[in-house]
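# Chains, contacts and geometry: an overview
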Amino acid sequence: MKKLGIIGAMDVEVQTLKDKLQDLQITQKAGMVFFQGKLENTPAVVVQCGVGKVNAALCVQILCDLFDVTHIVNTGVAGSLCNDLDIGDFVVSRDAMYHDFTCHILNPAYCVGQVPGMDVLAYPADKALAEYALESAQLVYPGHARMGRVASGDQFVAAKEHKEQIIADTQAICTEMEGCAIAHAAWRNKIPFVIIRAISDKADGSAYVDYPTFEAAAAERCAKVTQALAKRLSDA
Ligand code: ADE
């Protein structure tokens, strides 16, 4: 039986999903509130983890240890790293990589993103889950979704030079602040994951204005896709 752990960093990213849960039970741990119930008939736990990599990883571990989730879905907004991904479009993770993890001064073999001791540079999303997520995005907003790499770091990216550096280092198509930490923690627990993100800004000088303008609408679009994914999984 599937049980989804659905994580968003901010309230705006999970509010509508929490409202849709049936048979609700609420639990608190590590300052996070876990909303457990059924989403589109699929058992699910919806939680706001807070911003950044540490909050995200902590949340995954709690979902694994206390809630026995079988799949992890990260829903939220992201900055676009690619000209053909516009505000409101979707990215489904093929894999996820850190753009701010740098140990190459220690050893040039550690390229940007590589965590020493980990056997992967980019954590691969579950193929079937990612395909379902892409189908769900295409169903909700046809023609607006792409699968690709997600680059994460504890940085809000809002400068052209920073954006170009991240693209050169990671070849990712969007950037945000939790996805790879969720992927990394899920990988260590051998739990399949997928990241679904709606674009809120272009991660350049325009992000200061676009992010606050489009954050809520993009987060809501992404929640709709996550809900469609839950429905898809209940039918699967
Ligand atoms: N989330 C949404 N937009 C972002 C950006 N430009 N940088 C980091 N995280 C984001």
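For the structure itself, consult the block above.
With 74 residues, the main nonpolar core has Ile7, Phe34, Leu63, Ile72, Tyr123 and Val194 as its most contacted residues. The greatest single-element share of this core, amounting to nine residues, is contributed by helix H6 (residues 207–235). When neighbours within four sequence positions are excluded, phenylalanine 34 is seen to be in contact with Gln25, Ile26, Thr27, Lys29, Val45, Val46, Val47, Cys59, Ile62, Leu63 and Phe67. In this structure, Val157, Ile166, Ala172 and Ala203 belong to the second largest nonpolar core, which totals six residues.

Taking 1.5 Å of rise per residue, the 14 residues of helix H3 (residues 127–140) would be expected to cover 20 Å, and the 20 Å separating its terminal C-alpha atoms lies within 8% of that figure. Residues Leu129, Ala130, Ala133, Leu134, Ser136 and Ala137 constitute the buried set of H3. Each buried residue of H3 sits inside an arc of 160° when the element is viewed along its axis, so together they form one side. Structural note: H3 exposes Lys127 and Leu139 on the side pointing more than 90 degrees away from its buried face. For H3, the secondary structure elements touched by its buried residues are strand E5 (71–80), strand E6 (90–98), strand E8 (145–152), strand E10 (193–201) and H6.

At a minimum axis separation of 8 Å, H3 and H6 run at an interaxial angle of 120°. Here H6 runs oblique to H3, going by the angle between their axes. Here H3 runs over H6; the crossing is right-handed. Residues Leu129, Tyr132, Ala133, Glu135, Ser136, Ala137 and Val140 of H3 lie in contact with H6, whose contacting residues are Lys224, Val225, Ala228, Leu229, Arg232 and Leu233. When grouped by side-chain class, the residues that make up the contact of H3 with H6 number nine nonpolar, one polar and three charged.

To continue, consider the pairing of strand E4 (residues 42–48). Most of E4 sits inside the fold, with six of its seven residues counted as buried. Two elements, strand E1 (residues 4–8) and E4, share five bridges in a ladder whose sense is parallel. Opposite leucine 4, over in E4, you have alanine 44 as the bridge partner. Pairing analysis gives six bridges linking strand E3 (residues 32–39) to E4, with the strands arranged antiparallel. Its bridge partner lying in E4, phenylalanine 34 is registered against valine 47.

We now examine helix H1 (residues 11–20). Among the residues making up H1, those that are buried are Glu13, Val14, Thr16, Leu17 and Lys18. The secondary structure elements touched by the buried residues of H1 are E1, E3, E4, E5, E10 and H6.

Let us now look at the packing of aromatic side chains. Following the criterion strictly, the structure yields six aromatic pairs and no others. Ring geometry for tyrosine 98 and tyrosine 123: centres 6.4 Å apart, planes at 75°, overall edge-to-face. In this pair, tyrosine 98 is assigned in strand E6 and tyrosine 123 in strand E7 (residues 123–124), connecting sequence segments 25 residues apart. Take tyrosine 98 and tyrosine 123: they sit in the same class, and that class is buried. Three or more aromatic residues joined by ring pairs make a cluster, and in this case those are Tyr98, Phe101, Tyr123 and Trp187.

Every one of the 13 residues lining the ligand counts as a neighbour, but Gly79, Phe156, Val157, Ser200 and Asp201 are closest to it. In this structure, aspartate 201 approaches the ligand through a side-chain N or O atom, which is 2.6 Å from a nitrogen atom. The fraction of the free accessible surface of the ligand (260 Å²) that becomes covered by protein chains is 96%. Elements with a minimum of two residues in the shell around the ligand: E5, strand E9 (174–176) and E10. The leading source of residues in the shell around the ligand is E5, at three residues. When the residues that make up the shell around the ligand are grouped by side-chain class, the tally is seven nonpolar, four polar and two charged.

Basis of the calculations
- Residue positions are given per chain, counting from 1 as you read along its sequence in written order.
- In keeping with the model being predicted, local features are shown solely for residues with a pLDDT of at least 70 and side-chain atom pairs are shown and tallied solely at 80 or more, while totals for entire chains, interfaces and linings include all residues.
- Derived side-chain values reflect all non-hydrogen atoms in the structure, with water molecules and hydrogen atoms excluded from consideration.
- The set of buried Ala, Val, Leu, Ile, Met, Phe, Trp, Tyr and Cys residues whose side-chain atoms join them within 4.5 Å is what this entry labels a nonpolar core.
- Buried, partly exposed and exposed residues are distinguished by accessible area as a fraction of the type maximum, computed with a 1.4 Å probe on protein chains only: under 20%, between the cut-offs, and over 50%, respectively.
- Going along the chain from the N terminus, every DSSP run of H or I of four or more residues is numbered as a helix, and every run of E of two or more is numbered as a strand.
- The contact rule is simple, with two residues in contact once any of their heavy atoms fall within 4.5 Å.
- In this analysis, the expected span of each helix is defined as 1.5 Å times one less than the number of residues it contains.
- Starting at the helix axis, one direction is taken to each C-beta atom, and the arc is that of these directions.
- Every axis corresponds to a line fitted to the C-alpha atoms, with the helix fit spanning only the stretch in contact, and the corresponding angles, defined between N-to-C directions, vary from 0 to 180 degrees.
- Just so you know how the angles are binned, under 35 degrees is roughly parallel, over 145 roughly antiparallel, 65 to 115 roughly perpendicular, and the rest oblique.
- Two helices crossing with the near one rotated counterclockwise from the far one by less than a right angle form a left-handed crossing, whereas a clockwise rotation gives a right-handed crossing.
- Residues are grouped as follows: Ala, Val, Leu, Ile, Met, Phe, Trp, Tyr, Cys and Pro are nonpolar; Asp, Glu, Lys and Arg are charged; all remaining types, including Gly, are polar.
- The pairing criterion for strands is at least two bridges between them, as found by DSSP.
- What counts as a ring pair is set by centres within 6.5 Å for rings of Phe, Tyr and Trp (its six-membered ring), and what kind of pair is set by the plane angle: stacked under 30 degrees, edge-to-face over 60, tilted for all other angles.
- Residue proximity to a molecule or strand is established when one non-hydrogen atom of the residue lies within 4 Å of it.
- In protein, a polar contact requires one atom able to donate a hydrogen and another able to accept it; more generally it is a pair of N or O atoms within 3.5 Å, and residues adjacent in sequence count only if both atoms are side-chain atoms.
- To be clear on the numbers: accessible area is Shrake-Rupley with a 1.4 Å probe, and residue cover counts the displayed protein chains and nothing else.

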